[in-house]
Amino acid sequence: QVQLVESGGGLVQAGGSLRLSCTASGSGSSINIMDWYRQAPGNQRELVASIPSVGSPNYADSVKGRFTISRDSAKNTVYLQMNSLKPEDTAIYYCRYNSRAGAYWGQGTQVTVSS
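Below is a short write-up of the structure. All values reported here derive from a predicted model rather than from experimental measurement.

Comments concerning the overall build of the protein chain
What the protein chain contains, in helices and strands, is zero helices and eleven strands. Order of helices (α) and strands (β) in the protein chain, N terminus to C terminus: β-β-β-β-β-β-β-β-β-β-β. With the C-alpha coordinates aligned to their principal axes, the bounding extent of the protein chain is approximately 40 × 25 × 25 Å. Counting across all 115 residues of the protein chain, residues that qualify as buried make up 41%.

Structure follows, in structure tokens:
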């Protein structure tokens, strides 16, 4: 079992920045991928960015150049730095931990971008 705790969401004006954090605890695997997804009202959940324990991150086209995913393996934490935020970035953001041990989701954190 892996538990994920997210933080860092909030309300920000368009053009502003936020940083999300997600800390994993429990019996995971050193080989894993941590992702950020988001879901806006009426929309399907979509992948925003992912970062493997070894390798390069990947981003959705809609956030390339604005969002940066990073991880601190010593702290079992993944971050999502979000800059130049747009109203269309408004959604609940979810962290996901994926390994051979299974896939686990955080509870989600709300990000609201006002125009």
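Picking up after the structure, the text goes on.
A closer look at the side chain of Ser99
Considering the arrangement of structural elements, one finds Ser99 in strand β9 (residues 91-99). If sequence neighbours within four positions are ignored, Ser99 has contacts with Ser29, Ile31 and Asn32.

Describing the pattern of salt bridges
Across all of its chains, the model carries five salt bridges by this definition. With a shortest N-O distance of 2.9 Å, Arg96 and Asp35 are connected by a salt bridge. On the criterion of sequence distance, the pair formed by Arg96 in strand β9 and Asp35 in strand β4 (residues 32-39) is long-range, its members being 61 residues apart. Comparing Arg96 with Asp35, the two get one shared label, buried. A single salt-bridge network, built from bridges that share partners, covers Arg38, Glu46, Arg66 and Asp89.

What about the state of the cysteines?
Under the criterion given, the structure shown has one disulfide. Covalent S-S linkage joins Cys22 and Cys95, the inter-sulfur distance amounting to 2.1 Å. Disulfide Cys22-Cys95: torsion about the S-S bond near -80°, hence left-handed. Pair noted here: Cys22 is in strand β3 (residues 18-26) and Cys95 is in strand β9, with a separation of 73 residues, a long-range link. Across the pair, exposure class does not vary: Cys22 and Cys95 are buried alike.

Scoring rules and cut-offs
- Residues numbered from 1 in each chain as written.
- Predicted model: local features only at pLDDT ≥ 70, side-chain atom pairs only at ≥ 80, totals over all residues.
- Heavy atoms only, no water.
- Helix = DSSP H or I, 4+ residues; strand = E, 2+ residues; numbered from the N terminus.
- Buried < 20%, exposed > 50% of the residue type's maximum accessible area, 1.4 Å probe, protein only.
- Contact = heavy atoms within 4.5 Å.
- Salt bridge = Lys/Arg side-chain N within 4 Å of Asp/Glu carboxyl O.
- Disulfide = S-S within 2.5 Å.

Nothing here speaks to function; it is all geometry.
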